[in-house]
Amino acid sequence: MPNLQLFAKTGKKIIGVAANYRTLLKVLKRDVPKEPGIFIKPSTSYVTEGERILIPRDFSVNEEVELGVIIGKKAKHVSREEAMNFVGGYCVALDMTATCRMQEARSTGGSWTLGKGFDTATPVGKLIPTSDIPNPHDLTLWCSVNGTKRQEGSTSDMVFDIPTLISFISKFMTLEENDLILTGSPPGMGPVHKGDIIEAGIRGLTQIQFNVDKEQ
Ligand SMILES: O=C([O-])CC(=O)C(=O)O
Ligand SMILES: [Mg+2]
């Protein structure tokens, strides 16, 4: 088994889940979806601690704090019951999102690819072993920008839990070792700007910090 600590350097896929928190759906005044909304971010969007988030010129970008699930071994047509055996670890992640592109994509039915997939759109922390998280559905995610709290939510608020996500995705796409599933964001996300410091974490477990810069 390759070193899962290097999940962000191995070029595997990143799968995002859209609007997976009941509290977020309430804020957005949207119905609970019937199946998970899945999108892909390229592995070139990874940044690890010590690297900065670089907002592309003319982009407006929001932060979204999320629980990342790192796949431990190849998964295809996995049932809900066996899905947790395919989890290799967890991480705290930011699903950086270019709201300018998303608004356009939503109104025209266009693609989310640039809005979710630009370089530095996936900052991640270190792998957390599964033994450190006996229950991933009872974690508090939080995020602050320049010391002001923006986001806080419990993973118990997810519409589709981790076994459901793994089972659903693996019906259509082979999940491979070191793939990352971003399980969705609690509400409170907002714009970030050059010079901002984003801190985020899983309460009592781990914390990350990223500086924001903007392309000249
Ligand atoms: O940004 C969005 O519209 C969807 C998303 O990734 C989330 O809810 O976490
Ligand atoms: Mg997200």
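On a predicted model such as this, the values are computed, not experimentally measured, just so you know.

Engineer: Before we move on, can you summarise the overall build of the protein with the specific residues and values?
Structural biologist: Within the protein, the regular secondary structure consists of five helices and 15 strands. Summarising its shape, the C-alpha atoms of the protein cover approximately 45 × 35 × 30 Å along the three principal directions. The contacts of the protein with a sequence gap of at least 6 include a subset with a gap of at least 24, amounting to 78%. For the protein, the accessible surface area stands at approximately 9,900 Å², while carbon and sulfur atoms represent 50% of it. The protein carries 25 positive and 25 negative side-chain charges, and their two centres are separated by 3 Å.

Engineer: Describe the coordination of the magnesium ion (ligand 2), with residues and values.
Structural biologist: Geometry sets the ideal angles at a metal, namely 109.5 degrees for four tetrahedral donors and 90 or 180 degrees for six octahedral donors. Binding of the magnesium ion (ligand 2) to the protein goes through Glu64 (OE), Glu66 (OE) and Asp95 (OD), at separations of 2.0 to 2.1 Å. Along the chain, the residues donating to the magnesium ion (ligand 2) are arranged with the sequence spacing E-x1-E-x28-D. You can see glutamate 64 sitting in the loop between β5 (61-62) and β6 (65-71) and its partner aspartate 95 sitting in the loop between β7 (87-94) and β8 (97-98), a full 31 residues away along the chain. With respect to burial, glutamate 64 and aspartate 95 carry one shared label: buried.

Engineer: Help me get a handle on the UniProt feature "domain: Fumarylacetoacetase-like C-terminal" (unreviewed entry) in the protein, residues and values and all.
Structural biologist: Mapped onto the present numbering, the UniProt feature "domain: Fumarylacetoacetase-like C-terminal" (unreviewed entry) falls at residues 13-212. In the segment residues 13-212, helix accounts for 18% and strand for 34%; the C-alpha atoms at its two ends are 24 Å apart.

Engineer: Help me get a handle on the sheet that holds β8, residues and values and all.
Structural biologist: Taken together, the three strands give an open sheet; going across it, the order is β8-β5-β13, and neighbouring strands pair in antiparallel fashion. Bordering the open sheet on either side are β8 and β13 (191-192), each of which pairs with just one other strand. Where β5 and β8 come together, two bridges link them in antiparallel fashion. Residue pairing for β8: valine 61 is matched across the bridge by alanine 98.

Engineer: Please give an account of unusual backbone geometry that cites residues and values.
Structural biologist: Its identity as a non-glycine residue notwithstanding, aspartate 58 has a phi of 70 degrees, on the positive side. The residue aspartate 58 is located in the loop between β4 (53-55) and β5 in this model. With a phi close to 50 degrees, histidine 77 is a non-glycine residue in the positive phi region. Position of histidine 77 relative to the elements: it lies in the loop between β6 and α2 (80-83). The exposed category is assigned to histidine 77, whose relative accessible area is 55%.

Engineer: Can you tell me about the pairing of strand β14 (residues 197-202), naming the residues and giving the values?
Structural biologist: The two faces of the sheet receive side chains in turn, since in a regular strand these alternate between them. Two strands pair when backbone bridges link them, and strand β10 (residues 140-145) and β14 are joined in this way by five bridges, in the antiparallel orientation. Bridging from a neighbouring strand, serine 144 pairs with glutamate 199 of β14. Inspection of the sheet shows β14 paired to strand β15 (residues 206-214) by six bridges, in the antiparallel sense. Paired with alanine 200 across the two strands is isoleucine 208, which belongs to β15. The loop that links β14 with its antiparallel partner β15 comprises three residues; one of these, glycine 204, has a positive phi angle of about 80 degrees.

Engineer: Pulling in residues and values, what's your account of the site of ligand 1?
Structural biologist: Around ligand 1 lies a shell of 13 residues, among which Ala19, Glu64, Asp95, Arg106 and Lys116 are the nearest. A distance of 2.8 Å separates an oxygen atom of ligand 1 from a polar backbone atom of alanine 19. In the model, an oxygen atom of ligand 1 is placed 3.0 Å from a nitrogen or oxygen of the serine 185 main chain. In isolation ligand 1 offers 270 Å² of accessible surface; the protein chains occlude 92% of this area.

Analysis parameters
Residues numbered from 1 in each chain as written. Chains lettered and ligands numbered in written order. Predicted model: local features only at pLDDT ≥ 70, side-chain atom pairs only at ≥ 80, totals over all residues. Heavy atoms only, no water. Helix = DSSP H or I, 4+ residues; strand = E, 2+ residues; numbered from the N terminus. Contact = heavy atoms within 4.5 Å. Areas by Shrake-Rupley, 256 points an atom, 1.4 Å probe, with all protein chains shown as cover. Lys, Arg positive; Asp, Glu negative; His and termini not counted. Charge placed at Lys NZ, Arg CZ, Asp CG, Glu CD. Donors = N, O, S within 2.8 Å, 3.2 Å for Na, K, Ca; no water. Buried < 20%, exposed > 50% of the residue type's maximum accessible area, 1.4 Å probe, protein only. UniProt positions renumbered as here; feature names shortened; annotations may be inferred. Pairing = 2+ DSSP bridges. Near = heavy atom within 4 Å. Polar contact = N/O pair within 3.5 Å; in protein donor to acceptor, adjacent residues only side chain to side chain.

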